[in-house]
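Architecture and fold: a report
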Amino acid sequence: MKKEITEFLYGGDYNPDQWPEDVWENDIALMKELNVNTVTLPVFSWANLQPAEDQFNFGWLDKVMDLLLANQINVIMATPTAAQPAWMSRKYPEMLPVDAQGRRHKHGARTNFCVNSPDYRRFSGQIAAKMAERYQSYPNLILWHISNEYGTYCYCDHCAQKFREWLQKRYGSIENLNHAWYTNFWGHTLYDWEDVVPPSHISSLIPNAFGNRDGATNQSVAVDYNRFMSDSFLSCMENEMAQIRKFTPDIPITTNLMGTFKPIDYFRLSEALDYVSWDNYPSIHDPASLIAFKHDLTRGLAKGKPFLLMEQTPNQQNWQPYNTLKRPGVMRLWSYQAVAHGANSVLFFQWRQSLGACEKYHAAMVPHAGHLNTRIGRELKELGDELATLDNGLLQATNRAKVAILFDWPNWWAAEYSSGPSKDINYVRIVHNYYRAFYKQNIPVDVVSAQADLVGYDIVVAPMLYMTSADLAARIKQFVTDGGVFVTTYFSGIANENDLVITGGYPGAFRDLLGIWVEETDALSPEMRNAVVAADGQNVLSGSYDCGIICDVIHTEGAKVLATFGQDFYAGQPAVTENQYGQGRAYYVATDSEEALLDELMGSICKLVQQEPVLAVPEGVEVTRRYADGAAFTFVLNHNATETTFSLPDGEHTDALRQAPISGDITLKGRDVLIFCTQIKG
Ligand SMILES: [Zn+2]
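What you are looking at is a predicted structure, and each value in this text was computed from that prediction instead of being measured. (Residues numbered from 1 in each chain as written. Predicted model: local features only at pLDDT ≥ 70, side-chain atom pairs only at ≥ 80, totals over all residues. Heavy atoms only, no water.)

Points about the coordination of the zinc ion
Taken together, the protein ligands of the zinc ion are C114 (SG), C154 (SG), C156 (SG) and C159 (SG), with distances of 2.2 to 2.3 Å. Sequence spacing of the donor residues for the zinc ion, all on one chain, is C-x39-C-x1-C-x2-C. Across the pair, exposure class does not vary: C154 and C159 are buried alike. (Donors = N, O, S within 2.8 Å, 3.2 Å for Na, K, Ca; no water. Buried < 20%, exposed > 50% of the residue type's maximum accessible area, 1.4 Å probe, protein only.)

Have a look at this one:
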């Protein structure tokens, strides 16, 4: 049984070894001023903790730990393994990764190690064990944090050998592998496992084939290498976890993820985690719906349980082309947005702003000025004070949704490695487009994996589910047979889990479910557009909508036509269809349409299954709800810069930030937040 985290976490990454000791007492005083109760350390301190192979230097960390304990500040203890010491790279150069160009890296940067390196695993396991042994009895150690933002692929000879072993386990025989990879194409038949080479820029990956995106001459190989690398990160992380659990079996473990980060199948990695946490670094141009989507994805990785916001910046970042300030109120608003979607923490990178290197202009809780009498300092103080008063009942509260959006990493890889039909195929963009249609109506959404149980949802949306296993197709059909509503789009149901086309007509996996046959797929260049025109005799869509990128030429095989294309040789042919199947319905959207079509279509579907918004509010106001035993916490987030008004439903509500009853009409200032608690039955 793992120890629960029993309070709402507020604080951030603390790097005291970048500062002289006489700064530490001041750090603690400033932390107290802000109500900081948690710090994460020592994320990048391997060089200071192990200055030589047989030498360990924990003295400074002991002092910091004692200081934090004396001041009742929780510690999320990070293994410092994201950046190995220089002596290690010098002495064990095969630990350095080989990149896709076949170049062995030199020391420097971070996550600059071969994820399968036996030397790296030996040393990372050793430092994890030493730390767990040393700090196991500290009562303020609440969570382990493995490494930092995993993600560097390696293509070295050792990884190649590990890849062969991984393939042997997956496919059993070279014949099965030849079949799965369709190696008869271009005479790529493999005679021996030794013939397998990692797909890289010097073998079968095509650098920047689609703008800044790699293509592949054999997508099946490329997708399998991504799966293998995801499993490599998992086993690398589990190597450290096993060492830690020898000493602290009851302390939960996390690693910090990064939302829609393409290289790692986070559903796979999250299976091993006790807590899922992530780092939220949107650009100022990212819509609130995209941030919300990534929070909901993270909650999906946590299988619906609360998660942790491990990092965000209190103000500007440093790596964007233009590092815009967070406008007044935005830091607080985005912090509560995380909580609204299931986070039990508001943590920042980092506590004190670095003096040198690439993150010196990345904002921190304590800026270079060295005090908190700043705009951001005052906002942090206000937020810290508020969070300290939050009802701890919220920690157990979970979000509930009847709409699921399916998100699948291998599908993402396969769809975007694809050579054709269009370089503008963009998985995250299309998934977000469908998510946004629900978000704008304040209909809660769960983001779920391809393995998730669909029972209990009213609506399952799987935009661009290009790669569909027989098992997944069967589960979706069962879901619809039993009365569910399924929505999918162009470039779905085309290929199996090895990226081999399902024969018999597109969309092979879903042809009977959707009651259509896609004869051809047209890819439009950016200057080419078409239109989707609502059909007569239906009441789902009402207008005409701009569309582009992909247009499928469809024949119906039982489906009802909701809209047709407006132009070109397929004008008048179906663009949006609806098919009765068992007790349910399945919808197909054959093109990439403007926002209004998705708003209207998803709105109609929600009405059909009686999905109501959490609360009726003006545009730009986000509403979510978390449910605890006997209480519901409703979050109202005004993303507009101007004030907004709305009415609370009848009943007794408590303002959770001011601990006072509220009712009736509410006016919320620009970028302000209301959290209210309502007693409920059940
Ligand atoms: Zn390697």
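Still more to cover.
Description of helix α5 (residues 118-135)
Structurally, the α-helix is built with 3.6 residues per turn, so residues lying three or four positions apart point the same way. Between its terminal C-alpha atoms α5 stretches 26 Å, which fits the 26 Å expected from 18 residues at 1.5 Å a residue. Those residues of α5 not exposed but buried are Y120, R121, F123, S124, G125, I127, A128, A129, M131, A132 and Y135. Looking at the buried residues of α5, the elements they touch are α2 (46-49), α3 (59-70), β3 (74-78), α4 (86-91), β4 (141-145) and α8 (219-247). A distance of 3.3 Å separates the backbone nitrogen of D119 from a side-chain oxygen at the start of α5, and that oxygen is part of S117. (Helix = DSSP H or I, 4+ residues; strand = E, 2+ residues; numbered from the N terminus. Expected span 1.5 Å × (residues − 1). Contact = heavy atoms within 4.5 Å. Polar contact = N/O pair within 3.5 Å; in protein donor to acceptor, adjacent residues only side chain to side chain.)

Quick word on the sheet that holds strand β10 (residues 308-311)
Strand order across the open sheet formed by 3 strands is β8-β9-β10, with parallel pairing between neighbours. If you trace the sheet from one side to the other, it starts and ends with β8 (256-257) and β10, each paired once. As paired elements, β8 and strand β9 (residues 277-279) share 2 bridges and run parallel to each other. Across the sheet, L257 pairs through a bridge with W278, a residue of β9. (Pairing = 2+ DSSP bridges.)

Let's talk about the domain arrangement of the chain
Domain parsing of the chain yields domain 1 (9-96 + 111-152 + 234-395), domain 2 (157-224), domain 3 (403-608) and domain 4 (621-679). Centre-to-centre, using C-alpha coordinates, domain 1 lies 36 Å away from domain 2. Listed per partner, the contact involves 5 residues of domain 1 and 4 residues of domain 2. Each partner contributes to the roughly 290 Å² buried at the junction of domain 1 and domain 2, and carbon and sulfur atoms together form 72% of this total. (Domains from an automatic or database assignment. Buried area = accessible area lost by both parts, 1.4 Å probe.)

Remarks on the pairing of strand β5 (residues 205-210)
Relative to strand β6 (residues 213-216), β5 runs antiparallel, the two being bridged by 3 bridges. Pairing of I206 across the sheet is with G215, part of β6. Taken together, β5 and the strand that follows it, β6, pair antiparallel across an intervening segment of 2 residues, in which G211 is found at a positive phi of about 70°.

Section: the sheet that holds strand β2 (residues 38-41)
Whenever strands of a sheet pair, they do so through backbone hydrogen bonds, lying parallel or antiparallel. Overall, parallel pairing links the 6 strands, which are arranged β7-β4-β3-β2-β1-β11 in an open sheet. Here the strands that pair on one side only, and so sit at the sheet edges, are β7 (253-254) and β11 (345-348). When β2 meets β3, the two strands line up parallel, connected through 4 bridges. The partner of V39 across the bridge, within β3, is V75.

Looking at the packing of aromatic side chains
Summed over all chains, the structure comprises 36 aromatic pairs. A ring pair is formed by Y155 and Y225, whose centres lie 5.4 Å apart and whose planes are at 20°; its orientation type is stacked. With Y155 in the loop between β4 and α6 (157-171) and Y225 in helix α8, this residue pair connects regions lying 70 residues apart in the sequence. Using a relative accessible area of 16% as the deciding quantity, one classes Y155 as buried. (Phe/Tyr/Trp six-rings, centres within 6.5 Å; stacked < 30°, edge-to-face > 60°.)

With respect to the layout of surface pockets
Volume-wise, the largest pocket comes out at about 790 Å³. Of the residues that constitute the lining of the largest pocket, the class distribution is 11 nonpolar, 8 polar and 14 charged. (1 Å grid on protein atoms, 1.4 Å probe; cavity = no way out; pocket = protein on both sides within 12 Å on 5 of 7 lines; lining within 4 Å. Points joined across faces, edges and corners; volume = space filled by probe spheres on them. Nonpolar A, V, L, I, M, F, W, Y, C, P; charged D, E, K, R; others polar.)

What about the packing of helix α1 (residues 24-34) against α3?
Interhelical geometry of α1 versus α3 gives an angle of 30° and a closest axis separation of 11 Å. The angle between the axes of α1 and α3 places the two elements in the roughly parallel class. Once α1 is placed against α3, the crossing between them reads as right-handed. Contacts between α1 and α3 involve W24, E25, I28 and M31 from the former and W60, K63, V64, L67 and L68 from the latter. For the contact of α1 with α3, the per-class residue count stands at 7 nonpolar, no polar and 2 charged. (Axes fitted to C-alpha atoms, helices over the stretch in contact; angles between N-to-C directions. Parallel < 35°, antiparallel > 145°, perpendicular 65-115°, else oblique. Left-handed = near helix turned anticlockwise from the far one by under 90°.)

Considering a nonpolar patch on the surface
A cluster of nonpolar side chains, namely Y182, F185 and W186, defines an oily patch on the protein surface of about 390 Å² accessible area. Within the secondary structure, F185 is located in the loop between α7 (174-181) and β5. (Patch = residues over 30% accessible without salt bridge, like charges linked within 9 Å, V, L, I, M, F, W, Y side chains within 5 Å. Areas by Shrake-Rupley, 256 points an atom, 1.4 Å probe, with all protein chains shown as cover. Salt bridge = Lys/Arg side-chain N within 4 Å of Asp/Glu carboxyl O.)

Description of the environment of T521
Looking at the secondary structure, you find T521 in strand β17 (residues 516-523). Using a relative accessible area of 35% as the deciding quantity, one classes T521 as partly exposed. On a C-alpha basis, the gap between T521 and F247 in space is 58 Å, while along the polypeptide they are 274 residues apart. Beyond its immediate stretch of four places on either side in the chain, T521 contacts P421, I550, C551 and D552. A polar contact of 2.8 Å, which involves the side chain of T521, links it to the side chain of D552.

Remarks on α1
Burial in α1 covers these residues: W24, D27, I28, L30, M31 and L34. Buried residues along α1 cover an arc of 165° about the axis, so they all sit on one side. The elements touched by buried residues of α1 are β1 (9-13), β2, α3 and α12 (375-389). Two residues or fewer past α1, N35 is found with a positive phi of approximately 65°. (Arc of directions from axis to C-beta.)

Regarding empty space enclosed by the protein
Enumeration over the complete set of coordinates arrives at 1 cavity of 30 Å³ or more. In this model, the largest cavity occupies a volume close to 40 Å³.

As for the pattern of salt bridges
On inspection of all chains with the given rule, the structure shows 35 salt bridges. Close ionic contact of K381 with D385 constitutes a salt bridge, the shortest N to O distance being 3.2 Å. Within this pair, K381 and its partner D385 are both found in helix α12, separated by 4 residues, close to a single helical turn. Of the charged contacts in the structure, one is a salt bridge between D512 and K477, with a shortest N-O distance of 3.3 Å. A residue pair is termed long-range when its members are at least 10 positions apart, and D512 in helix α16 (residues 511-514) and K477 in helix α15 (residues 470-481) qualify at 35 residues. For K477, a relative accessible area of 21% gives the class partly exposed. Shared partners join several salt bridges into a network, and the residues in it are R332, E382, E386 and D672.

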